[in-house]
Amino acid sequence: MKETLIPVVGVVTDIRIDTPDVKTFRVVTPEGKKPFEHMPGQCAMVSIPGVGEAMFSITSSPTNREFMEFSIKKCGCLTEWLHVMEVGQQVTVRGPYGNAFPVETELKGKNLLFVAGGIGLAPLRSVINYCRHYRENYGTIDIVYGSRSKDDLVDYQEIIDEWMTTEGVNVHLTIDREQEGWDGHVGFVPNYVKELNPDLSKTVLVCGPPIMIKFTLAGLKELGFTEEQVYTTMELRMKCGVGKCGRCNIGNRYVCKDGPVFRYDKLGELPDEY
């Protein structure tokens, strides 16, 4: 516990512009090493001293030994500062926090369905790349990902160049409204999942805006999926990361200590915003 509370200095070595309001930051220590190890789904506290700190998903896979990445949407004071940073500048990171997706236990050998909306792909990216790296440990992998427009699809180039070319991985992209130059699917993610009518043998991992998660879960239940087959992550509610501040409770559970990854039947109740 003590080590996770001590910040590590991180140098930003690469900044990728994903969408008009999302950038992916690559971070290493001043010695050029990965700040610390983690498992898919875990989070870290990223800070600009004097400005603030916030919890973000670690979007790079643990199988990447050289650096750590965070895909961050501009939506507040700290993130606005991060978005004007330049390569070579420093932040501090500490972690990892929370539990991980059960990639080595419950998910092993299973057919997987990832459902993401907008920046919700960020927490799932580490899991997807982990499962791609250890491809032989998992069944078929289907990814349903949607955003407002083509320009708002995070990791688009990686999806096209890497995910779509991996054997046994099927990617289904959608955008909310028709757009010039887009010949793919148009429509909201929950409806697209129902259209695709996925096989009931799949274990589902969902992340996205609360309204999307709510309708996706309802749609999955209509199709015959049970809550025991569905996992989600709620790191957006985490504040301190160690169960001290009490800001992230859902009923009698703390997201930081019991989550942020939950299987739906273990959640008991959804927070009000869902």
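As a reminder, the structure under discussion sits directly above these lines.
Residues numbered from 1 in each chain as written. Predicted model: local features only at pLDDT ≥ 70, side-chain atom pairs only at ≥ 80, totals over all residues. Heavy atoms only, no water.

Asker: I'm lost on the sheet that holds strand β9 (residues 169–175) in this one. Help?
Answerer: Pairing between sheet strands relies on hydrogen bonds along the backbone, with the strands arranged either parallel or antiparallel. The strand order β10-β9-β8-β7-β11-β12-β15 describes an open sheet built from seven strands, whose pairing is mixed. Two strands in the sheet have a free side with no partner beyond their single neighbour: β10 (185–186) and β15 (261–263). For strand β7 (residues 111–117) and strand β8 (residues 141–147), the ladder comprises six bridges, and the chain directions are parallel. By the bridge assignment for β8, A116 is matched with Y145. Running over the sheet, helix α3 (residues 121–133) touches β7, β8, β9, β11 (202–207) and β12 (230–233) and is turned about 155° from β7. This element, helix α5 (residues 189–196), spans β7, β8, β9 and β10 of the sheet and lies at about 145° to β8. (Pairing = 2+ DSSP bridges. Helix = DSSP H or I, 4+ residues; strand = E, 2+ residues; numbered from the N terminus. Contact = heavy atoms within 4.5 Å. Axes fitted to C-alpha atoms, helices over the stretch in contact; angles between N-to-C directions.)

Asker: What should I look at first to understand the layout of surface pockets in this one?
Answerer: If you roll a probe as big as a water molecule over the atoms, it shows you where there is empty space left. Taken as a whole, the second largest pocket holds about 240 Å³ of empty space. Lining the second largest pocket are 14 residues; nearest its centre among them are N64, R125, N129, E158 and E162. Among the elements of the structure, α3 and α4 (156–161) are those that each provide at least two residues to the lining of the second largest pocket. The element best represented in the lining of the second largest pocket is α3, accounting for three residues. Residue composition of the lining of the second largest pocket, by class: one nonpolar, six polar and seven charged. (1 Å grid on protein atoms, 1.4 Å probe; cavity = no way out; pocket = protein on both sides within 12 Å on 5 of 7 lines; lining within 4 Å. Points joined across faces, edges and corners; volume = space filled by probe spheres on them. Nonpolar A, V, L, I, M, F, W, Y, C, P; charged D, E, K, R; others polar.)

Asker: It is not clear to me how the pairing of β8 should be interpreted in this structure. Could you clarify?
Answerer: Note on strand geometry: in a regular strand, side chains alternate between the two faces of the sheet. With seven of seven residues buried, β8 is to be regarded as a mostly interior element. For β8 and β9, the ladder comprises seven bridges, and the chain directions are parallel. Each residue of the ladder has a partner; that of D142, found in β9, is N170. Assessed by its sense of winding, the connection that carries the chain from β8 through α4 to β9 is right-handed. (Buried < 20%, exposed > 50% of the residue type's maximum accessible area, 1.4 Å probe, protein only. Right-handed = clockwise from strand over helix to strand, strands pointing away.)

Asker: Sorry, what's going on with the sheet that holds strand β1 (residues 8–19) here?
Answerer: Taken in spatial order, the six strands of this open sheet run β4-β3-β6-β1-β2-β5, and their pairing is antiparallel. The two strands at the open ends of the sheet, each matched to only one other strand, are β4 (52–57) and β5 (68–73). On average, adjacent strands in this sheet sit at an angle of 40° to one another, irrespective of strand direction.

Asker: What should I look at first to understand the environment of A122 in this one?
Answerer: Among the structural elements, A122 can be located in helix α3. Discounting chain neighbours no more than four positions away, the residues touching A122 are T59 and S71.

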